[in-house]
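Residues per chain, in single letters:
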Amino acid sequence: MEQQNGHAPDHAADLKGKDPDATDFANYFCTYAFLFHQKEMLEDHKRTGAYYTAIMQNQAQFRDKVVLDVGAGSGILAIFAAQAGARKVYAVEATAVAQHARKLVQHNRLGGIISVIQGTIETVELPEKVDIIVSEWMGYFLLRESMLDSVLVARDKFLKPGGALYPSHARLYVAPIRSNLTHQRQREFSNAMEGWAGFTNDMQRYYGVRMDCLNDAFHDEQKQYYQQTSAWADISPQQLAGRPWCFKQYDLLKVTQQEIIDSFKEHFELQIVEAAPIEAFAGFFDVQFKGSPENPASFEVLLSTAPDPDCGTHWGQQVFHLYPPINAQPGDRISGDISISRKKENHRLMRVIFQHRTTPNQPQPQAAGMKLQSTDRTDFYSIE
Ligand SMILES: C[S@@+](CC[C@H](N)C(=O)[O-])C[C@H]1O[C@@H](n2cnc3c(N)ncnc32)[C@H](O)[C@@H]1O
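What you see is a predicted model, and the numbers here were worked out from it, not measured in a lab.

**Student:** What am I meant to see in the sheet that holds strand S2 (residues 88–93) here?
**Tutor:** Paired through backbone hydrogen bonds, the strands of a sheet run either parallel or antiparallel to each other. An order of S3-S2-S1-S4-S5 is seen for the five strands of this open sheet, with the pairing classed as parallel. Where the open sheet ends on each side, the last strands, each with one partner, are strand S3 (114–118) and strand S5 (159–166). Going from strand to strand, the sheet's axes swing by 20 degrees on average, the running direction of each strand aside. In the sheet, S2 pairs with S3 via five bridges, with the strands oriented parallel. Across the sheet, Val 89 pairs through a bridge with Ile 114, a residue of S3.

**Student:** Any chance you could explain the packing of helix H3 (residues 45–56) against helix H5 (residues 76–83) here in plain terms?
**Tutor:** Packed helices, taken two at a time, are described by the angle their axes make and the gap between the axes. Axis separation between H3 and H5 bottoms out at 9 Å; the angle between their running directions is 25 degrees. The orientation of H3 with respect to H5, classified from their angle, is roughly parallel. The crossing of H3 and H5 is right-handed. When H3 is examined against H5, the residues Thr 48, Tyr 51, Tyr 52, Ile 55 and Met 56 are found in contact with a partner set consisting of Ile 76, Leu 77, Phe 80, Ala 81 and Gln 83. Residue composition of the contact of H3 with H5, by class: eight nonpolar, two polar and no charged.

**Student:** I would appreciate a short explanation of the sheet that holds strand S15 (residues 377–383) in the present structure.
**Tutor:** Strand order in the open sheet made by the four strands is S9-S13-S14-S15, with antiparallel pairing throughout. Each having just a single partner strand, strand S9 (264–271) and S15 make up the two edges of the open sheet. The average angle at which neighbouring strand axes cross in this sheet is 20 degrees, direction not considered. Sheet topology places strand S13 (residues 333–342) next to strand S14 (residues 350–359); ten bridges connect them, and they run antiparallel. Paired with Ile 340 across the bridge in S14 is Val 352.

**Student:** What should I look at first to understand the domain arrangement of the protein in this one?
**Tutor:** A common measure of how large an interface is: the accessible area buried when the components associate. Domain assignment breaks the protein into domain 1 (22–136), domain 2 (172–177 + 231–383) and domain 3 (180–227). Its C-alpha centre places domain 2 at a distance of 31 Å from the equivalent point of domain 3. The interface is formed by nine residues belonging to domain 2 together with five residues belonging to domain 3. Contributing elements (two or more residues each) for the side of domain 2 that touches domain 3: strand S7 (231–233), strand S10 (278–291) and strand S12 (317–326). The element contributing the most residues to the side of domain 2 that touches domain 3 is S12, with five residues.

About the criteria used
- Residues numbered from 1 in each chain as written.
- Predicted model: local features only at pLDDT ≥ 70, side-chain atom pairs only at ≥ 80, totals over all residues.
- Pairing = 2+ DSSP bridges.
- Helix = DSSP H or I, 4+ residues; strand = E, 2+ residues; numbered from the N terminus.
- Axes fitted to C-alpha atoms, helices over the stretch in contact; angles between N-to-C directions.
- Parallel < 35°, antiparallel > 145°, perpendicular 65-115°, else oblique.
- Left-handed = near helix turned anticlockwise from the far one by under 90°.
- Contact = placed C-beta atoms within 7 Å.
- Nonpolar A, V, L, I, M, F, W, Y, C, P; charged D, E, K, R; others polar.
- Domains from an automatic or database assignment.

Here it is as structure tokens:
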């Protein structure tokens, strides 16, 4: 039998929750069941290192505390909490990767402290309330995956009054960028349409079937794919054409479950400082580890996914390509609203709408009698 590091035997060993429902498993959870995917997250050292620092540099806050790890995956954050001196850690993981986490915990002789519980956090009962919740729940552009819902369920059900969340705060940003990818995607879109023209010709020649009645439908489908779906990118700070604008902040102790579910619209203002054209908006986020007002971190940590030449993260940035690009000059201002909502057909995917206008720094020279061209526009995207 494994030595239990001198701690009491695991009375929580028989705690269990329910599996995710089949559709949510197929849409979302299934990839997390693979060690391959857990490894990808673990070797994002900016991410894993930020959690390690936030926990290990705040050992005073963790010592002798009861900790809950929501979505434990490999169990890494639960292990950090135990290393920081937690008295008890509940590591809740919905997928079968929980079995690997349990093995890892035993192998690292932390079985007396950490109980790995397989099941969704929504269906788990714990024998006690907890002092700290640790969780790595962030998706692309922070909100994709909608896992924050589960952290808030855990907070409302299990966190003691005055308890802390690690991370405790989150912020969303948008920035104007220059991106060659915009032109590349435009070329790919044109190629796809050329390919369609050749394909419909062949169908008529080989089989006598006219397919041109589907031209518009194919065009719309491809436009949605190439122009209205955001793309992952690890952009360089040189691509920024102006300072990022923070349009949303969350205090994770205070935000309600309903606020997270509801769609929202926020204002943004982007001051252009580099030469145009602005080919895309880039979206990214950061999270802060500040503890709680009653148990503040003595060492605050920031995990940022902003463009960083030295060290990106697996989240990269979400790029919203602009067709056509905005012909802004240094000094011009792009302002407007960004709306974010969940997709009706899959609550873990998002819709993003930018409604914006460009205000020139200098009035544009006007030919006599010429109408001012409106720069108001709306761009629609989905985050898949
Ligand atoms: C982004 S991974 C983080 C894994 C690990 N904590 C780490 O930092 O490496 C999120 C994990 O949470 C799990 N998860 C997501 N929603 C959950 C829920 N409602 N209940 C339990 N586990 C959940 C996923 O299966 C996945 O393994």
